[in-house]
Amino acid sequence: MFSFALASIPGPSSDSLDIAIVAKDNVVVKLDNEHIRVMEITLPAHSVGPLHWHPGHAVYYLTEAHLRNTPTDGAPILIDVKPGDTTWTETVTHVTENLGANVAHFIMIEIRSAKR
């Protein structure tokens, strides 16, 4: 189970929660401008990514994935998707765990104008 010390978590504008920085070995930024940021992300099988933050974002899954997102302010959310599935998530600070036996591979599109 995850535990979080909420008082010690930096604010969303901090680079210390930017997925492209904290998970740089698993994230390739494809486009980054004042409107959107598009990233290609891989999460190895049976791995847990670092705590990070996103504004509202869409995810297009390139592979089957069985994930658990654990937000700092709520209960874990299970995500089971097939290649081609697309999801939307509001602004969130969370940890993502790949519960599957294969690499999860997806494209994430963060919307810069989404509420923070």
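What you see is a predicted model; the values in this text were computed from it and never measured. (Residues numbered from 1 in each chain as written. Predicted model: local features only at pLDDT ≥ 70, side-chain atom pairs only at ≥ 80, totals over all residues. Heavy atoms only, no water.)

A. Fine view of the overall build of the protein. Of regular secondary structure, the protein possesses one helix and nine strands. Taken from N to C terminus, the helices and strands of the protein fall in the order α-β-β-β-β-β-β-β-β-β. Across the protein, the fraction of contacts at a sequence separation of at least 24, relative to all contacts at a separation of at least 6, is 70%. Summing over all exposed atoms, the protein offers an accessible surface of approximately 6600 Å²; the carbon and sulfur share of this is 57%. (Helix = DSSP H or I, 4+ residues; strand = E, 2+ residues; numbered from the N terminus. Contact = heavy atoms within 4.5 Å. Areas by Shrake-Rupley, 256 points an atom, 1.4 Å probe, with all protein chains shown as cover.)

B. Just the pattern of salt bridges, in detail. In total, this model carries six salt bridges according to the counting rule given. A salt bridge links Lys30 to Glu40; the nearest nitrogen and oxygen atoms lie 3.2 Å apart. In this pair, Lys30 is assigned in strand β1 (residues 27-32) and Glu40 in strand β2 (residues 36-43), connecting sequence segments ten residues apart. Members of the salt-bridge network, linked through shared partners, are Asp18, Arg37 and Glu110. (Salt bridge = Lys/Arg side-chain N within 4 Å of Asp/Glu carboxyl O.)

C. Fine view of unusual backbone geometry. Non-glycine residue His46 carries a positive phi angle of around 55°. Inspection of the secondary structure puts His46 in the loop between β2 and β3 (52-54). In this structure His46 comes out as exposed when scored by relative accessible area, which is 60%. (Buried < 20%, exposed > 50% of the residue type's maximum accessible area, 1.4 Å probe, protein only.)

D. The sheet that holds β1, seen in detail. Here we have five strands laid out as an open sheet, ordered β1-β2-β9-β4-β7, and antiparallel in their pairing. Each of the sheet's edge strands pairs with one partner strand only, and the pair in question is β1 and β7 (86-89). Averaged over all adjacent pairs, the angle separating strand axes in this sheet is 20°, with direction ignored. When strand β4 (residues 57-61) meets strand β9 (residues 104-111), the two strands line up antiparallel, connected through five bridges. Directly across from Tyr60, in β9, lies its bridge partner Ile107. (Pairing = 2+ DSSP bridges. Axes fitted to C-alpha atoms, helices over the stretch in contact; angles between N-to-C directions.)

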